[in-house]
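If you want the building blocks of each chain, they are given just below.
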Amino acid sequence: GLIVRIGQWVLQEACQQMACWRAAGHDLQRIAVNISARQFAEGKLQQHVVGALEENGLAAHHLELELTESILMENVSYTMEVLNHLKSMGVELAIDDFGTGYSSLSYLKQFPIDRLKVDRAFVKGLASDQEDQRIAQAIVAIAHSFNLSVVAEGVEHRDQEEFLRSLGCESVLGYRYGRPMHAAALTRLLVQQAVARPGCS
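This write-up is about the structure you can find in this document. What you see is a predicted model, and the numbers here were worked out from it, not measured in a lab. (Residues numbered from 1 in each chain as written. Predicted model: local features only at pLDDT ≥ 70, side-chain atom pairs only at ≥ 80, totals over all residues. Heavy atoms only, no water.)

1. With respect to the sheet that holds strand S3 (residues 92–98)
In space, the six strands of this open sheet follow the order S1-S2-S3-S4-S5-S6, with parallel pairing throughout. In this open sheet, the two edge strands, each paired with only one partner strand, are strand S1 (31–34) and strand S6 (171–172). Where S3 and strand S4 (residues 115–118) come together, three bridges link them in parallel fashion. Each bridged residue has a counterpart across the sheet, and for Phe98 the counterpart in S4 is Val118. (Pairing = 2+ DSSP bridges. Helix = DSSP H or I, 4+ residues; strand = E, 2+ residues; numbered from the N terminus.)

2. Looking at a nonpolar patch on the surface
Taken together, the side chains of Leu2, Ile3, Ile6, Trp9 and Val10 define a hydrophobic patch exposed on the protein surface, amounting to about 460 Å² of accessible area. Turning to its location among the elements, Leu2 is positioned in helix H1 (residues 2–23). (Patch = residues over 30% accessible without salt bridge, like charges linked within 9 Å, V, L, I, M, F, W, Y side chains within 5 Å. Areas by Shrake-Rupley, 256 points an atom, 1.4 Å probe, with all protein chains shown as cover. Salt bridge = Lys/Arg side-chain N within 4 Å of Asp/Glu carboxyl O.)

3. Describing the pairing of strand S2 (residues 63–68)
With five of six residues buried, S2 lies mostly within the body of the structure. Judged from the four bridges that link them, S1 and S2 form a sheet pairing that is parallel. Bridge pairing in S2 places Ile31 opposite Leu63. Taken together, the five bridges between S2 and S3 define a ladder with parallel strand orientation. In the sheet register, Thr68 faces S3, and the bridge partner there is Asp96. (Buried < 20%, exposed > 50% of the residue type's maximum accessible area, 1.4 Å probe, protein only.)

4. Some words on the environment of Trp21
If you trace the backbone, Trp21 turns up in helix H1. Sequence separation between Trp21 and Thr187 is 166 residues, and the spatial gap between their C-alpha atoms is 7.6 Å. Other than its neighbours up to four places away in sequence, Trp21 contacts His26, Leu28, Ile31, Ala183, Leu186, Thr187 and Leu190. (Contact = heavy atoms within 4.5 Å.)

5. Examining the state of the cysteines
Where two cysteines share a covalent bond between their sulfur atoms, that bond is called a disulfide. Using the criterion set out here, one finds zero disulfides in the structure. Looking at the unpaired Cys20, the closest cysteine sulfur is the one in Cys15, lying at 11 Å. (Disulfide = S-S within 2.5 Å.)

6. Brief notes about the layout of surface pockets
What the largest pocket holds in volume is close to 1,800 Å³. Forming the walls of the largest pocket are 41 residues, and the residues nearest its centre are Arg30, Ile31, Ala32, Leu173 and Leu186. Looking at the lining of the largest pocket, the elements that each hand over two or more residues are H1, S1, S2, S4, S6 and helix H10 (183–196). At seven residues, H1 tops the list of elements feeding residues into the lining of the largest pocket. (1 Å grid on protein atoms, 1.4 Å probe; cavity = no way out; pocket = protein on both sides within 12 Å on 5 of 7 lines; lining within 4 Å. Points joined across faces, edges and corners; volume = space filled by probe spheres on them.)

7. What about the side chain of Glu153?
Tracing the sequence through the fold places Glu153 in the loop between strand S5 (149–152) and helix H9 (158–167). Its relative accessible area of 9% is what places Glu153 among the buried residues. A distance of 3.4 Å separates the side chain of Glu153 from the side chain of Lys117, its partner in a polar contact. Discounting residues that sit within four places of it in the chain, Glu153 has contacts with Asp96, Asp97, Lys117, Val118, Asp119, Arg120, Val123 and Leu173. (Polar contact = N/O pair within 3.5 Å; in protein donor to acceptor, adjacent residues only side chain to side chain.)

Here's what the structure looks like:
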């Protein structure tokens, strides 16, 4: 049961840090937080989200919750109720590791999802593996047909990025752009980027 308390702490810390970045003038659009199956099933997710947002003065649309396919399909009626409530607040919702779980198209129609995250397992071989290329192409096409945006995980090389961009993939992340870092290090990077941006002093 420890993951529930850890998840609540992570949610609080993420909202606090995002609020600090925006208050400092960094125009970050959203911060994503993974939600565990235990945390979702525990029944207090909405309460914790509301508390974290209000305590830190953060607008709901700056928070994105990442859910796995297994969480969505565990109890469909309960999931629908929770997600609809979160969506009505303005919270962004994403399906993490898409393609590795149930991958049922029915929930894309049912649930108020904003974006799909393509699992790194399908990104790794994009440069040479035609099957991975077809899978990535299919996922992007499916997402766009439901008016969802796509984030590709695990991008490490330029050819992977270029292929994903050619498909219309809106966002990519991975070691090509940066490795995990502490908030202080990311803050320094944001400051450096702001200074280097044309028109900034």
